[in-house]
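Structural description and commentary
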Amino acid sequence: MKRFLVLMALLGVVGFTSMSIMASNVPEGVGTGDQHFDGWSQVERDTMREAMRDAYRDFAATGFDLGQPARNATLWEGVVLQDFVSPDSTGSDPWHGFSLGIVYNPTLEEAFIVRDAFFSAYTFNHASLPNLGVMGPAIGNDFEIDNFRYQNFANGYYRIDLDGNVDPYFGGGVHFDEALGEEVPLEGLPANIGNVSSVMTLPAGLTASDIEAAFVSAYVEQTQAGNHLGFPYTSVKIWEGVYVQDFADGDSSVTPWGDGRDSVLALNSITGRVHRVRDAFFLVYAGTTIGEDQSIDISDLGEPRGDDFAIADAMVQNFEKGYVHIEDGVITFTPDLNIDQDGNTYELFGAELIGLISLIAERSLPEGFDSEDVLNGFTAAYQALDDEELMPTGLVEVRPGYVHQHYRDETNDRELVVFLRFDGETLVLEGDMLDAFNRLPGTGYDISGHRVLGAPMSEAIERDTHRYQQFEYGYMVLDEEGSIVDLRVGFEFDENFEEVPRSFVDKITMSPTFTAPLNYVDQDGNVLDEAFYLELFTNAYNDLFESGFHPGVPMDEGINIWSPGMSNGELHEGMLKLSLQGGDSTGFVFNSNAKLTFNPETLEIFLVHDVILSSFQTIYYQSGYATGEMVEAQDGWFIQQFSEGYVQTSADGESYRFFEGRTFGETNDVDDDTTDEESTDDSSTLWLVIGGITLGVVALSGVGAMIVIKNKK
């Protein structure tokens, strides 16, 4: 027994020694990271280290001498690489004489060996041979098929011949399948599609993320259409003022610099979309001679205005400064014109803009309504106009509930706006009605971000000497001279042209930036949420409408807080309110005609309107929230109580006073002494005058010179 134990002990020593010898085959520093990995967790670092040591051990087991690590693993252009000096690898980087690398792929949590000419290409930055920053991490070791060796990386593959030529073949955007013996498409996107330098100057209105998204979208669309772009061997760069990304080894037919089968994706900075320039079009882009003396390049063409397309036996492509026509190998360039699918030429920024919406604007479209719907809708509407002289003056613009595009002929004799509602219906506004619409503040649909009329809902209707047209939020009436005689926000006209109030309760929304002010609570101590406010304001609107008072159109800003303010050194909490336009109120302040306001003490809604509202031009920051309705007091004065005092306003609105800290009725019903605090600020009665048109309670002065928002109860 003693002899057996001694034997077992000896075997244990031998076994331990064998394991130590196997472990010693992996140099101690393999898989040790440098300072680039300080942000990695210990688990991540341990996983990397073990994967790189396993890769070393497995490859060394084939009899290949990987040598010793030349330095710790580092993160180089996004790739985890550890360099080695290997006596068996013929590779060489151009700076240090390293000959082999172990690459860790964190996605696979595996490491792979890059050696010989693969390592030379991988660590050498050459325009036609993308290095590790473009290729990404290895996804396997090299392998041999027939007379070539291959190695796949995340974004493509290299091929070298069996003699180890140092100028390997580059297969971008594809992998070489060892089992099939042929190229297969990449799964997913190349890692650097649309990458934009943080120091690059960007086009106006576009962010780096906008540009990256546009390039990614274009790459996906091209791939889905069966076009093989190859692989991007640069990030997005500026080439003669055009934002481009270079591609090599795709299905483009040209190699202007002797390698690569080149093409580019290029940005149209007006639309925010990206188009492909390939084949002979890329030859022209890169610089070529047409005929005997015309040499043109990207500086003569500018940004692409679309992809190339066929006309009969020719191929054409439109650019910012003209179009290129290629037929039977003959290239012609026509400056200052573009060409359509039917072969008709037109002035730049013409027909190609019909129904075109920018990438940024497209994101504002509602779910289920996309750029294709916009293009189809405007194309059909344009064809129905049957006027080839009309051309868009800009891109499609997005508004709440609809999109629109402006058209004009060269002589300015005719102009119109096509409105495409999100329900798919198109309507045209032109002539006197368009002139009147354009004279409204903000061209009819916008005053400081708030709606006035919105999109047309019907064609103009003639009646006697007047023309009526219904819009989304009201209607407008013109006389025979084209002057505005009536504009009513919040109403429509019936078959007898009688005015009918409309409820816009479905337009009540919460402000996108809404937060519950001061954590208002109910009687049980529950914090009031958005659903509570939305229901409360909705019910108050309905109650007013059913009582015979028409509140008008809720403004787009939604239910929000009217800014708090300081008075006598104290902060007043402001007013939670919903602003309304049009309707029955004769008041006007900050683009609104009435406000529904919230009293957090009683959880009630009170209306602020007419002359009381108009006085808020100067006192809104003092008053706090309304705690009662407006009442008519003696001698034609109007009074309304607020949390910080009460407002007293004359019937004509020319005199008003705020009595801070006082409650109406505790002392005098009406304070006639207005000499010390009286205000007759003209802004309370001038309301808003733009282009000769006044929104407010004023007499109609001149022929169509002013718009009256009437008080019809």
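The residue numbers shown here count from 1 along each chain, following its written sequence. Per-residue local features are limited, in this predicted model, to residues with pLDDT of at least 70; the limit for side-chain atom pairs, both in listing and counting, is 80 or more; totals at the level of whole chains, interfaces and linings are taken over all residues. Computation of side-chain values covers all heavy atoms of the structure but excludes hydrogens and water.

Quick notes on the overall build of the chain
Operational definition: The way it works is that DSSP assigns letters per residue, a run of H or I at least four long becomes a helix, a run of E at least two long becomes a strand, and they are numbered from the N terminus. A 1.4 Å probe rolled over the protein chains alone gives each residue an accessible area, and that area as a share of the maximum for its type sets the label: buried under 20%, exposed over 50%, partly exposed in between. The contact definition used throughout considers only heavy atoms, calling two residues in contact when any of these lie within 4.5 Å. In this description, accessible areas are obtained by the Shrake-Rupley approach with a 1.4 Å probe, and a residue is regarded as covered only by the protein chains that are shown.
What the chain contains, in helices and strands, is 14 helices and 49 strands. Within the chain, buried positions represent 49% of all 713 residues. Expressed as a percentage of contacts within the chain between residues at least 6 apart in sequence, the contacts between residues at least 24 apart total 48%. Element-wise, carbon and sulfur atoms account for 49% of the exposed surface of the chain, whose accessible area totals about 32900 Å².

Quick notes on the sheet that holds strand β9 (residues 169-172)
Selection criterion: The pairing criterion for strands is at least two bridges between them, as found by DSSP. The convention used is that axes are lines fitted to C-alpha atoms, helices contributing only their stretch in contact, and that angles between N-to-C directions extend from 0 to 180 degrees.
The strand order across the open sheet formed by four strands is β6-β7-β8-β9, and the pairing between neighbours is antiparallel. Because the sheet does not close on itself, it has two edges, and the strands there are β6 (143-145) and β9. If you compare each strand with its neighbour and ignore which way they point, the axes differ by 30° on average. Here strand β8 (residues 156-161) pairs with β9 via four bridges, running antiparallel. Note that in β9 the partner of R159 across the bridge is Y169.

A look at the confidence of the model for the chain
Put simply, the rule reads: A residue's pLDDT is the confidence the predictor assigns to it, expressed on a 0 to 100 scale.
On average, residues of the chain score 81 in pLDDT, and 84% of them reach the 70 mark or higher. The least confident element of the chain, judged by mean pLDDT, is strand β47 (residues 688-690) at 25; the most confident is strand β5 (residues 110-115) at 97. Low confidence marks residues 1-24, where pLDDT is under 50. Its contacts with residues over four positions away, or in another chain, come to one contact. Ignoring residues within four places in sequence, the model shows residues 674-713, a span with pLDDT below 50, making 97 contacts including any to other chains.

Regarding the nonpolar core
This is how the line gets drawn: In this text, buried Ala, Val, Leu, Ile, Met, Phe, Trp, Tyr and Cys residues form a nonpolar core when linked through side-chain atoms within 4.5 Å.
Ranked by size, the top nonpolar core spans 41 residues in total, and within it F437, L453, M476, Y533, F537, L596 and F598 carry the most contacts. Listed by contribution, the elements that provide at least two residues to this core are β28 (415-421), α10 (431-439), β32 (474-478), β33 (484-489), α11 (530-547), β40 (575-581), β41 (594-599) and β42 (604-609). For this core, the element with the most residues is α11, which contributes six residues. Sequence-distant contacts of F537, that is, excluding residues within four places in its chain, are made with I508, I559, L576, K577, L578, L596, T597, F598 and I605.

Looking at the pattern of salt bridges
Under the convention used in this document: The term salt bridge refers to a side-chain nitrogen of Lys or Arg lying within 4 Å of a carboxyl oxygen of Asp or Glu.
Applying the stated criterion across every chain yields a total of 27 salt bridges. As a salt-bridge pair, D251 and R276 come within 2.5 Å of each other at their nearest N and O atoms. In this pair, D251 sits in the loop between β14 (242-248) and β15 (263-268) while R276 sits in strand β16 (residues 273-277), placing the two residues 25 residues apart along the sequence. You can call D251 partly exposed: its relative accessible area is 35%. Taking the shortest distance from any N to any O, the salt bridge between E415 and R408 comes out at 3.2 Å. A residue is classified by how much of its surface remains accessible, and E415, at 24% relative accessible area, is partly exposed.

A word on the pairing of β40
Among the seven residues in β40, seven count as buried, and that is most of the element. Neither face of β40 is left uncovered, since the one carrying M575, K577, S579 and Q581 and the one carrying L576, L578 and L580 both have all their residues buried. In this sheet, β40 lies alongside strand β36 (residues 553-554) in antiparallel orientation, the contact comprising two bridges. Note on β40: the bridge partner recorded for P554 is L580. Two elements, strand β37 (residues 560-562) and β40, share three bridges in a ladder whose sense is antiparallel.

Structural notes on the side chain of S120
Mapping S120 onto the fold places it in helix α3 (residues 116-122). Every residue in contact with S120, bar those within four places of it in the chain, is listed here: G91 and S92.

Topic: unusual backbone geometry
Positive phi outside glycine occurs at D279, with the angle close to 50°. The topology assignment puts D279 in helix α6 (residues 279-286). Positive phi values are uncommon outside glycine, yet D336 reaches one of about 70°. Of note, D336 is situated in the loop between β22 (330-335) and β23 (337-339). Among the residues examined, D336 registers a relative accessible area of 54% and is labelled exposed.

Some details on α6
Every buried residue of α6 is listed here: A280, F281, F282, V284 and Y285. Trailing α6 by a residue or two, G287 shows a phi angle of about 115°, which is positive.

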